[in-house]
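Coordinate analysis (summary)
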Amino acid sequence: MILGSTPWRSLLPLLVSALAVINVARADEAIVADELDRLATAVAVATDARVASVLPRIEGVGPRLLALRSYLRSGERLAERWSWSQEQIAAYAGSPEQQELDAEIARVRAEFEQANPGYTLFVNPQVRSLDIQLANWGRNESVAAAAGRLLQDAITHFRGRPAVGTEGAAALAAFLHGYVPEPTPTVAAPGLSPHGQMRAIDFQVHRGDEIVAGPDTRTVDTTWLQQGWGGRLDAAVRAASRQFIGPLASPREPWHYTYTPVAVAER
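Computed from a predicted model, the values in this text were never measured in an experiment.

1. Digging into the nonpolar core
- Grouped together as the largest cluster of nonpolar side chains are 39 residues, with contacts concentrated most on Leu-65, Leu-68, Tyr-71, Leu-172 and Leu-176.
- Looking at this core, the elements with two or more residues in it are helix H1 (8-47), helix H2 (49-54), helix H3 (61-74), helix H7 (130-139), helix H8 (141-158) and helix H9 (165-178).
- The biggest single contributor to this core is H8, with eight residues.
- Those residues within four positions of Leu-176 in sequence are excluded, and the remaining contacts are Leu-65, Leu-68, Arg-69, Leu-72 and Leu-150.
- Core analysis: the next-biggest nonpolar cluster, separate from the first, contains 28 residues, Trp-84, Ile-89, Phe-112 and Met-198 among them.

Have a look at this one:
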């Protein structure tokens, strides 16, 4: 076989050499990634027991680093933001706080139905547990893209630099704290979703059994904005309740509202 004027066999040494260089580069990246993973564990342990517990449950170095970034940036608010345990979720069921939220949702639904005959609002009544958040983090496309880019940027940043021990952990923490992910993940890091304390509500527009407008980022422009469902929902929320704040602007989710219980607002 001839490639141009050069016999194919004469190219084999060049190809072997190129592959060797590529393999060395990949091996070097793997070594740096492994070291970053060890440092991430050290940072998690020093940050909070909850973070140290959840980080090993996240698959992949990149997704772990991306989640750790959120934990670090939460700072002193991490404890108050952390999702409820199964015991707390069980205690919430049927509690006055749940009844208060249900009443607020009912007021918004009634306002929406009056303004939009034939349509109604649906809200998932379940608290989003830590297990569900972990599953969502693991399969979310925006998380995968941002985590992949973060890992490559971290490898580039730390390659050739001594990044071990306490100083290495501090360097990684500083890098993650100042890092801006691209794209912006559309779900919160496991443990930090306000859905984990029923402090966030995702409204869906239904017509009978049909989902007319659901919590899908692919439909923000076409359904929620162009068809006007975002504006209709917002009008109903503002007319019926003062305990919902929103909609979420970044990432843009016209269906997502933060809920502030009366007891929390008073505190």
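2. A look at the layout of surface pockets
- Taken as a whole, the second largest pocket encloses approximately 190 Å³ of empty space.
- If you trace the second largest pocket, you find it lined by Arg-50, Ala-79, Trp-82, Ser-83, Trp-84, Ser-85, Gln-86, Gln-88, Ser-129, Leu-130, Asp-131 and Gln-197.
- Classifying every residue of the lining of the second largest pocket gives four nonpolar, six polar and two charged.

3. Structural notes on the pattern of salt bridges
- Counting across every chain of the model gives 13 salt bridges.
- Between Arg-218 and Asp-216 there is a salt bridge, and its shortest N-O distance comes to 2.8 Å.

4. Quick word on the confidence of the model for the protein
- On average, residues of the protein score 89 in pLDDT, and 86% of them reach the 70 mark or higher.
- Low pLDDT, under 50, characterises residues 1-6; the predicted model gives this stretch six contacts beyond four residues in sequence or across chains.
- Across residues 14-27, confidence stays below pLDDT 50; counting only partners more than four residues off in sequence or on other chains, it has one contact.

5. What about helix H6 (residues 96-115)?
- Over its 20 residues, H6 extends 29 Å from the first C-alpha to the last, a length consistent with the 28 Å expected when each residue adds 1.5 Å.
- Along H6, the residues that are buried comprise Gln-98, Leu-101, Glu-104, Ile-105, Val-108 and Phe-112. Along the axis of H6, the buried positions cluster into a sector of 130°, meaning they face one direction only. Seen from the buried face of H6, the exposed residues on the opposite side, beyond 90 degrees, are Pro-96, Gln-99 and Gln-114.
- Contacts made by the buried residues of H6 are with helix H5 (86-92), strand E3 (120-123), strand E4 (200-207), helix H11 (229-240), strand E6 (244-245) and strand E7 (256-259).

6. What to know about the pairing of E3
- The two faces of E3 differ: Leu-121 and Val-123 on one face are buried, but Thr-120 and Phe-122 on the other face are not.
- Two elements, E3 and E4, share four bridges in a ladder whose sense is antiparallel. Across the sheet, residue Phe-122 finds its bridge partner in E4, namely Gln-204.

7. Section: the environment of Leu-55
- Here Leu-55 lies in the loop between H2 and H3.
- We classify Leu-55 as buried; its relative accessible area is 3%.
- Along the backbone, Leu-55 and Pro-190 are 135 residues apart, and their C-alpha atoms lie at a distance of 8.9 Å.
- Ignoring anything within four residues of it in the chain, the contact list for Leu-55 reads Ala-40, Thr-41, Ala-44, Arg-64, Leu-68 and Tyr-71.

8. Side note on the environment of Leu-225
- Relative to the helices and strands, Leu-225 resides in helix H10 (residues 220-225).
- Look past the residues within four positions of Leu-225 in its chain and what remains in contact with it is Val-220 and Arg-252.

9. What about the side chain of His-195?
- Following the sequence through the fold, His-195 ends up in the loop between H9 and E4.
- Under the relative-accessibility criterion, His-195 is labelled buried at 9%.
- There is a polar contact of 3.2 Å between the side chain of His-195 and the backbone oxygen of Ala-200.

Rules used throughout
Residues numbered from 1 in each chain as written. Predicted model: local features only at pLDDT ≥ 70, side-chain atom pairs only at ≥ 80, totals over all residues. Heavy atoms only, no water. Core = buried A, V, L, I, M, F, W, Y, C linked by side-chain atoms within 4.5 Å. Buried < 20%, exposed > 50% of the residue type's maximum accessible area, 1.4 Å probe, protein only. Helix = DSSP H or I, 4+ residues; strand = E, 2+ residues; numbered from the N terminus. Contact = heavy atoms within 4.5 Å. 1 Å grid on protein atoms, 1.4 Å probe; cavity = no way out; pocket = protein on both sides within 12 Å on 5 of 7 lines; lining within 4 Å. Points joined across faces, edges and corners; volume = space filled by probe spheres on them. Nonpolar A, V, L, I, M, F, W, Y, C, P; charged D, E, K, R; others polar. Salt bridge = Lys/Arg side-chain N within 4 Å of Asp/Glu carboxyl O. pLDDT = per-residue confidence, 0-100. Expected span 1.5 Å × (residues − 1). Arc of directions from axis to C-beta. Pairing = 2+ DSSP bridges. Polar contact = N/O pair within 3.5 Å; in protein donor to acceptor, adjacent residues only side chain to side chain.

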